[in-house]
Each structure stands twice: as C-alpha cells, then as structure tokens.
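# A closer look at the structure
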Amino acid sequence: ANHLRLGDYQRSSLIALCAVGSAIGSVGGGYLGDVLGRRPPILLSCAGMTLVTLAISQAGSYGQLVAMRFLLGVLIGMGMPP
C-alpha cells in the first residue's frame, strides 16, 4: 500500500473494515453451516480468501483496497461462524 501513499486514517480504516466484514461473514457462515454443513462454508472461505488476497496485492486504488478488505473480512468470518 506504500505506492498508494495512504494516510494514517486510510490505513486504520482498512483494518477496521476487515473486522466489520468478519462480523457480517460469521452470521452468513453460521447460516450456511446450518443449511449445508460445516465443510462447504469453510472450503468456500479458504478458496475465496486465496483469490481475494491475490486481488488485494494487485489493487491500484484506495477504493479497490476498501472493497477487497471488506470482502476478505466476510470470507474470514464465514470460515469461523459463531
């Protein structure tokens, strides 16, 4: 993210977005776990995190980072429902 020259507020918001996404993803993951069983949400989470992490490494703007970090948080939460 150094090449984007992000300020302190922008960097901290990227971290917070991952936590917010995780809270949302755990609710969805819990529901999917009840409907489909535990394995499919965990596998979807792992595969999705791999793809989103690769996308984050190629992000060219702050907006792309925001969207990808939020999605990463959702996928993290989906992999570990309450």
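In what follows, the accompanying structure is described. Remember, it's a predicted structure, so these values are computed and weren't measured experimentally.

## A look at the overall build of the protein
- Across its full length, the protein holds three helices and zero strands.
- Expressed as lengths along the three principal axes of its C-alpha atoms, the size of the protein is roughly 45 × 20 × 15 Å.
- Each of the 82 residues in the protein was classed as buried or not, and the buried ones make up 30%.
- Accessible surface, the protein as shown: approximately 5,100 Å² in total, 68% of it carbon and sulfur.

## Some thoughts on the environment of Y31
- Within the secondary structure, Y31 is located in helix α1 (residues 8–36).
- In this structure, the C-alpha to C-alpha distance between Y31 and V20, residues eleven residues apart in sequence, is 18 Å.

## What to know about the nonpolar core
- Ranked by size, the top nonpolar core spans five residues in total: L4, L6, L14, A59 and L65.
- Those residues in contact with L4, other than ones at most four positions away along the chain, are G60, S61, Y62 and L65.

## Observations concerning the packing of α1 against helix α3 (residues 62–79)
- Contact pair α1 / α3: the axes reach a minimum separation of 5 Å and the direction vectors enclose 35 degrees. Considering only the axes of α1 and α3, their crossing is right-handed.
- Residues belonging to the contact of α1 with α3 are distributed by class as follows: 14 nonpolar, nine polar and one charged.

Rules behind the numbers
- Residues numbered from 1 in each chain as written.
- Predicted model: local features only at pLDDT ≥ 70, side-chain atom pairs only at ≥ 80, totals over all residues.
- Heavy atoms only, no water.
- Helix = DSSP H or I, 4+ residues; strand = E, 2+ residues; numbered from the N terminus.
- Buried < 20%, exposed > 50% of the residue type's maximum accessible area, 1.4 Å probe, protein only.
- Areas by Shrake-Rupley, 256 points an atom, 1.4 Å probe, with all protein chains shown as cover.
- Core = buried A, V, L, I, M, F, W, Y, C linked by side-chain atoms within 4.5 Å.
- Contact = heavy atoms within 4.5 Å.
- Axes fitted to C-alpha atoms, helices over the stretch in contact; angles between N-to-C directions.
- Left-handed = near helix turned anticlockwise from the far one by under 90°.
- Nonpolar A, V, L, I, M, F, W, Y, C, P; charged D, E, K, R; others polar.

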